[in-house]
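So the chains spell out like this:
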Amino acid sequence: MASLLYTLSVFLFNERHHVHNAQEFENRFWTIFAVLFSTALFFAKDSPLALGVWSPSLGFLAVLISGYAMHVWDRSMHRLEMSKLVRLKRGTATSSLNRLQDAGIPIENILAQLNACLNDLDQTYIPSTINNWFYKAFVIRKEREVISIFEEAEPSVLNYLVCNSKLGLIFYKVKDHQSFKHQHRTKLIELLAIEKLSQLNVHSRVIVLHSLQTMKLPANAKAEYCVRNIILNTKQDDLSDLKTLMDSKGDYWCMNKLIYDDITSDIVRHDILDHIQRQAKVQFNHIAFNTRRAKTRKRKFWRKVLSDVDDTLTCSGGSYPSGIDRRYGKKVMYPGVLGFYRELDLGTDGPDEWPEHTAGNLVFLSARPHVYKDMSEKINHAKFAQLQKMRGMHTTPSLLSGDIRSGVETLAKNDFGPLARKKFENFQQYVSIYPEFKHVFVCDNGQGDVQAAQMMVDTYPKQVEAIYVHQVQPISKTYKYNKEAWVTKPVKPYFFKTYTEAALHAATRNPPLIRVNGLKRICENAISDFYMIQNKQWPSQKHKWDRHGELNQSLCYCNEYLAKCGEKPVPLIESERLWKDGQKVQTPFGRGEIVSFDPIFNMYEVELDWRPLDLQVREFKENASKDLPKSAPEKAKKLQGTDDSAKTLETVFENEEDARENNSTNFCFDSDDMDGKNDQKPSSQSLDTSADVAVPHLVNDSDSDISSRESHNVTARIHCRYISKFSPPNLPVFAKEEDNKSSFSFWGSRSEPEEPRALFKKDDKCGTQFGCGTVIDYRKNSGIVVVKMSGWSATCYLNAECVNVVSEGFFNRMLRIISTDTTKTSSTKKTPAQKDSGSPFTTDSILCTPYGQGRIIYLPDESNNSFISSKVSGNRASTKKAILNSTTPHDTVAVSLSSWILANKTSPVLYCTIDNARRWKALGDEERAKNSGGLLSTFSTIVSQSVKKLIVGKPKRTVGDFPSEISVPKYARFFSDGAVVNSPYGIGSVTSFREADGVYTVELDSWKMADGKNAKLFTTRDNLNHHVAKGCIEGFPVLTSLGLTGTLISVQPTTGIHMIAVPTAGMVCYMQPRDVLRPLKASVNDNVLTLYGNGKVVKFRPKDDTYEIELCWGAKLFATANSLERATFN
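Residues numbered from 1 in each chain as written. Predicted model: local features only at pLDDT ≥ 70, side-chain atom pairs only at ≥ 80, totals over all residues. Heavy atoms only, no water.

(A) Here's a closer look at the overall build of the chain. Helix and strand counts for the chain come out as 33 helices and 36 strands. The 1130 residues of the chain split such that 44% are buried. If you take every contact in the chain between residues at least 6 apart in sequence, the share linking residues at least 24 apart comes to 63%. (Helix = DSSP H or I, 4+ residues; strand = E, 2+ residues; numbered from the N terminus. Buried < 20%, exposed > 50% of the residue type's maximum accessible area, 1.4 Å probe, protein only. Contact = heavy atoms within 4.5 Å.)

Here it is as structure tokens:
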């Protein structure tokens, strides 16, 4: 069974093998494969259908039936394919029939006679080989009769028979017999492709080529040369029509497949492509000399529109590997895409509407691989036919597929390069077939399309007219897109999010690609396409609202341009209404009732209920009992009346960042901006904050009449996404105390909680992501905890979720009580002589801190300032003087960090609490104890660690694990001082590095301060990378500040030093980036290729960019960079 599967895979993926040269060979393969497979299925002992093991006769019969069934099925499928009539967009079939009947020609009888002969030759259940053995004379007579019908036909009759008969099946059923006199297939093909070719119009020639393709060209020895004869005898505009019609049949038998796949002879292929190129030059000359044919040619469409499928025509829904766009539902067509294709195909010189019976120039470049025959292409062509029938696609497009190899490489390596190269190869072949056309490429930036577009522009700069890139992800994430590389190219990609935006660019560019009325039609198509997307096709309601606002925004821009051109604007898209007038809803500002709805901006005007909660509850209960809610018209009248107290609530953002986080249409616009101006976008997205906005206030019980809210009506204009279903108001429920409960319990209070316990209390010890600290204040309303950090002088304002309060636990609490009592007892027994400063330190003692070793220069209980002053000397005098000049007592310890030296040759001063100083000293003692070793110290460490785990309680809140100690990690240095680096703020030089936090100090070269100094940037390595001289690439020639030319060997990333080999001087230069001036095409002693032969560069003049070249034949050439290429040989 494994060998059968292997044979099947080899057969399917090797379509160029001679087994596929004729349909008879393929039919025999499938028949033999079915026999072998059924034999294994029916006679293998471990098979679930081992019929032959039980009864060999039945098994043998089942094998025969399976083989014959496969034989008949394959023949019927192929017959069905060849029997399809080619229906091109041409409305002349009926008119031709009428003309022939008026001329007295019995064309229907002739066609019926031809079909009768075909039915006699085509036996459904008997193979042609067996039929020829038993009825050879009958078959030969019928084949001659078919040939005679075509021989005797007049030109008009011949064209009608070719277009309305099953010509492909006729070519297949008429055979070449062994006798030389009976080579009927060859004679029939030569009759139509050579002898009577001049009588066939372009439409009939397309049918003949298609029939030869379906028959398979290798099935007849002269078929390829007949194809060559048809194409070489079709010239100029007729040749362009023939190629376009070949690609507009709606199947994969296209012109590209005919030339590059079906034709196996390189000579025939070369002759055809050479003829196409020569005819294209003749067409260009007609335009250049403005001949009579040029006027006719200008009325035709000479632009090919090439487009991707996934994430360009339809949304992939983010299904890998098809695409990544999740803005629309899967397989949803983007609004306006078909109109954009149509208008690009129409251009600016053609008719305003697409002619009904005209073949278009739309081609799809798909990355989906080609599988055996048309298994994959058939799915896409069925989709295109559905779009043409249901959605109005203006033409039947052609399709150029990928291959399995590029698809497998992309999936295996997660690299879109193979897909890009395959699309470029397809484009190369397509341009060679259509050199007389311009090409517009429409793609997306989700995969490798932009790289393919870059290769197209680099190779064919004159054939590529424009590139439109559908932005489905940020431009910075586009595969191998470098904006600087496109600066010098004649065509640059235009990124767009909606097709109306792309259409506006196509109408306003110079020269324009579409007309103004074409832009209007695209906008109208986009609106209708958006309405046709069903709600179930959207990923969520939010996606629909986002796309509605996005498309309306681009429509506003289009309306502005249409108004400038004197065209009427198109209406904007209206949103579906979800809430009715008078319906109660919930909003971010409180409860309210819907008053009106703006469908353009999807915003509701809501009357807010800002009365006290007890009044809302009372009214809700009364309305529920009466079931008589107020009507919306009454609400509207009150809002539109002369009551000056009616106000409008609007949202105010504190800064621009808050405004960006909310949608531009989040809550409200000024009502004056939208009255009668639905076709224009708002002039500003800033929100009004007038002083007339009503402010809610509490009222006394005496004023708590329900009608009191009529005196201050507050309305808000809110986007639909911020409105939710109404929730009835409820008063807060307070717990009641029960008298029968005991006021004391051994395990704790069993009464109901009097008040919710605060999450944080003052002086609580806590842990944060910045270290340990003490709670100073807790703001319940905003959820902000004010924490004073331990170990460093800082106060943090943190969200409650970021603070972890640790309880002491039962044992820790008991030990703290005991230690407190002991301390009190010992303190009472102390004599005045024994009192000290409360710390085990003295001035000038050494202390190891997390920031390095230092010397204590001040203690909180030091009262004799003169003692410290007497010890002040040298550069530390100014620091200690500032400490002593303070009039308030200090509660911190001042430590001069001797391991840090500042720019003024002084040491920084660290301020910490006495507790932190003790802890740091204890940590130092423990470290020394560990180093001392010993059995007793080891045992004491184990005991202390075990007791510590027992007495520490569990945290009240488990937001995250915070360190109990301040640890200062050491960061490894990467960039050296003086290294030139790139930063988000420009190019700069590294001046210093802090190992404690890994921060580099970078002096920015492009930023000058008011004092003339450069700005300094403090950042980590993640935001820096080494700088390479502008435009220079490793391994390519460069020009240095020394006037020498050389090759850039490498760039040291840690120092930014450029290593440049200068062969003329026999040395290697180590230079800063500023000393590498610019890249060169070649350096001195490099071999180059010129128009006059090979040579070697002997000198370079920087002042005029001139190369002095010694040619291989002794001459000396002075050339610029554009006229030479650097050679790779020595």
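(B) Molecular detail of the sheet that holds strand β17 (residues 804-805). Taking strand neighbours across the sheet as the criterion, the five strands line up as β16-β15-β14-β13-β17 in an open arrangement whose pairing is antiparallel. For this open sheet the edge positions go to β16 (795-799) and β17, each flanked by a neighbour on one side alone. (Pairing = 2+ DSSP bridges.)

(C) Representation of a nonpolar patch on the surface. On the surface, a cluster of nonpolar side chains totalling about 930 Å² of accessible area is made up of Tyr 68, Tyr 125, Ile 126, Ile 130, Trp 133, Phe 134, Tyr 135 and Phe 138. At three residues, the largest contribution of residues to the nonpolar patch is made by helix α7 (residues 128-134). Position of Tyr 125 among the secondary structure elements: in the loop between α6 (107-121) and α7. (Patch = residues over 30% accessible without salt bridge, like charges linked within 9 Å, V, L, I, M, F, W, Y side chains within 5 Å. Areas by Shrake-Rupley, 256 points an atom, 1.4 Å probe, with all protein chains shown as cover. Salt bridge = Lys/Arg side-chain N within 4 Å of Asp/Glu carboxyl O.)

(D) Seen up close, the nonpolar core. Residues Phe 150 and Val 162 are the most contacted members of the largest nonpolar core, which totals 89 residues. Take this core: its biggest share by element is seven residues, from helix α12 (residues 202-215). Aside from chain neighbours lying at most four places away, what touches Phe 150 is Leu 114, Leu 158, Leu 161, Val 162, Ser 165, Leu 167, Ile 170, Leu 188, Leu 191, Leu 192 and Lys 196. Listed in part, the 51 residues of the second largest apolar core include Val 309, Leu 338, Cys 556 and Leu 572. (Core = buried A, V, L, I, M, F, W, Y, C linked by side-chain atoms within 4.5 Å.)

(E) Geometry of the packing of aromatic side chains. The full count for this structure, using the stated rule, is 30 aromatic pairs. For the ring pair Tyr 468 and Tyr 494, a centre distance of 6.1 Å and an interplane angle of 80 degrees mean the geometry is edge-to-face. Linking Tyr 468 in strand β5 (residues 464-470) with Tyr 494 in strand β6 (residues 493-496), this pair joins segments that are 26 residues apart in sequence. Relative accessible area serves as the criterion here: at 22%, Tyr 494 is assigned to the partly exposed category. One aromatic cluster is present, built from ring pairs that chain together Tyr 328, Tyr 334, Phe 340, Tyr 468, Tyr 494, Phe 496, Tyr 499, Phe 530 and Trp 538. (Phe/Tyr/Trp six-rings, centres within 6.5 Å; stacked < 30°, edge-to-face > 60°.)

Remember that the coordinates give geometry; whether it matters functionally is a separate question.
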